Amino acid sequence: MNTPDAAGRPAPTTKRVTVAEIARMRAAGERIAMLTCYDYPTARVLDEAGIPILLVGDSLGMVVLGYDTTVRVSMEEMLHHTRAVARGTRRALVVADMPFLSYGVSVEASLANAGRFLSDAGAGAVKVEGGERTARTIEALTRIGIPAMGHIGLTPQAVHQLGGYRVQGRTRQSARALLNDALAVQQAGAFAVVLELVPAQLAAAITERLTIPTIGIGAGAGCSGQVQVVTDLLGLTADRTPRHARVYADLRGEIRAAVERYQADVASGAFPAEAESWRMEDELLAEVLGRSELDRTPAEGIPLDRDL
Ligand code: KIV
């Protein structure tokens with residue numbers, strides 16, 4: 001058994017969750033809870049809590065970096081945050097989102113970029129958006145041993161083409177296209193697929209037809225697992241929280257109240273207290289300030305600047 005260490009972290013000997021473990025969970029009917037994660041301290045908490053998959057989503061751009069879309073997120077930004085999350089985990093499978101244009105331009109570039117997430121940043125898998133249009137990329141990645149997660153339905157990197165963040169697959173034609181996308185991604189070798197903003201019945205039907213797990217976000221309860229943007233879940237989202245998110249905490253309110261208390265304590269002098277400070281020998285201080293016997297006879301003591 002892997003007993004957590006004194007700090008509550010999974011034991012250093014803890015085995016990483018692998019894509020094989022994710023397949024086992026699906027086969028056993030265990031629902032998979034995945035969360036996005038962008039930094040080291042949050043990764044530590046989510047890992048300690050036992051979340052099996054942490055996605056360094058390119059939602060990073062919107063919820064952490066303040067961009068207006070995910071289209072602006074760069075490889076370097078994704079690598080930087082993936083490294084931090086990987087350092088903060090012992091158990092979770094870390095999946096890195098491949099940013100816009102880091103894949104799909106040429107197979108060679110896709111492989112090179114995906115490889116950096118594993119060999120340089122410490123991720124265990126990558127995620128790519130798109131169904132049939134991305135199947136070739138997924139096939140190439142998995143052929144050389146890079147586990148890939150698909151992402152269909154609303155694919156935010158295509159927001160300019162989709163014309164907004166809307167539920168997908170509501171017409172006969174788009175629902176069929178989504179089913180084909182799911183099958184293409186599975187056929188290409190993806191170990192799981194995210195279904196974003198898809199009607200619940202369609203997501204459940206896709207889940208039934210696939211052998212790989214589906215991870216839903218705004219896709220109803222019939223998926224093999226769920227993913228949420230961690231800042232939505234924790235109540236840290238500055239703007240409107242999406243309808244599909246459930247807010248489990250009010251960290252924004254907690255943080256605000258905490259920093260207001262801190263500011264008041266600084267203003268009143270209540271912070272820092274004795275327990276938050278260090279003392280030195282009063283005599284030594286007096287000596288340094290030139291009030292000791294030694295200071296009065298510079299020849300015998302350490303000369304101070306003013307004595308030179
Ligand atoms: O970037 C992201 O956060 C995502 C999830 C919404 C699945 O892709």
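Trainee: Let's hear about the packing of helix 5 (residues 107-119) against helix 6 (residues 135-143): which residues, and what values?
Mentor: Put simply, helix 5 and helix 6 touch, their axes get as near as 10 Å, and they point 55° apart. Considering the angle they form, helix 5 stands oblique to helix 6. Once helix 5 is placed against helix 6, the crossing between them reads as right-handed. Residue-level contacts link Val107, Ser110, Leu111 and Ala114 of helix 5 to Arg136, Thr137, Ala140 and Leu141 of helix 6. Across the contact of helix 5 with helix 6, the residue classes tally to five nonpolar, two polar and one charged.

Trainee: Describe the site of the ligand, and please don't skip the residues or the numbers.
Mentor: Taken together, the neighbourhood of the ligand is formed by Thr36, Leu55, Gly57, Asp58, Ser59, Asp97, Lys127, His151, Val194, Glu196, Ile217 and Val227. Between Ser59 and the ligand, the recorded distance is 2.5 Å, taken from a side-chain N or O atom to an oxygen atom. Most atoms of the ligand, that is more than half of them, are within 2 Å of grid points of the largest pocket. A per-class count over the shell around the ligand returns four nonpolar, four polar and four charged.

Trainee: Lay out the packing of aromatic side chains in plain terms, naming residues and giving numbers.
Mentor: As enumerated under the stated definition, the model contains one aromatic pair in all. Ring centres of Tyr262 and Phe271 lie 5.7 Å apart, and the angle between their planes is 70°; on these two criteria the pair is classed as edge-to-face. Residue Phe271 is classed as partly exposed on the basis of its relative accessible area, which comes to 36%.

Trainee: Can you tell me about the packing of helix 4 (residues 75-87) against helix 5, naming the residues and giving the values?
Mentor: The N-to-C vectors of helix 4 and helix 5 enclose an angle of 20°; their axes lie 10 Å apart at closest approach. Considering their axes alone, helix 4 and helix 5 lie roughly parallel with respect to each other. As for how helix 4 packs across helix 5, the hand of that crossing is right-handed. Counting all contacts with helix 4, which are made through Met75, Glu76, Met78, Leu79 and Thr82, the residues of helix 5 involved are Asn113, Arg116 and Phe117.

Trainee: Which residues make up a nonpolar patch on the surface, and what are the values?
Mentor: Together, Met62, Val63, Val64, Leu65 and Tyr165 make up an exposed nonpolar region whose accessible area comes to about 380 Å². You can see Leu65 is positioned in the loop between helix 3 (60-63) and helix 4.

Each value, and the rule that gives it
Residues numbered from 1 in each chain as written. Predicted model: local features only at pLDDT ≥ 70, side-chain atom pairs only at ≥ 80, totals over all residues. Heavy atoms only, no water. Axes fitted to C-alpha atoms, helices over the stretch in contact; angles between N-to-C directions. Helix = DSSP H or I, 4+ residues; strand = E, 2+ residues; numbered from the N terminus. Parallel < 35°, antiparallel > 145°, perpendicular 65-115°, else oblique. Left-handed = near helix turned anticlockwise from the far one by under 90°. Contact = heavy atoms within 4.5 Å. Nonpolar A, V, L, I, M, F, W, Y, C, P; charged D, E, K, R; others polar. Near = heavy atom within 4 Å. Polar contact = N/O pair within 3.5 Å; in protein donor to acceptor, adjacent residues only side chain to side chain. 1 Å grid on protein atoms, 1.4 Å probe; cavity = no way out; pocket = protein on both sides within 12 Å on 5 of 7 lines; lining within 4 Å. Sits in = over half its atoms within 2 Å of the grid points. Phe/Tyr/Trp six-rings, centres within 6.5 Å; stacked < 30°, edge-to-face > 60°. Buried < 20%, exposed > 50% of the residue type's maximum accessible area, 1.4 Å probe, protein only. Patch = residues over 30% accessible without salt bridge, like charges linked within 9 Å, V, L, I, M, F, W, Y side chains within 5 Å. Areas by Shrake-Rupley, 256 points an atom, 1.4 Å probe, with all protein chains shown as cover. Salt bridge = Lys/Arg side-chain N within 4 Å of Asp/Glu carboxyl O.

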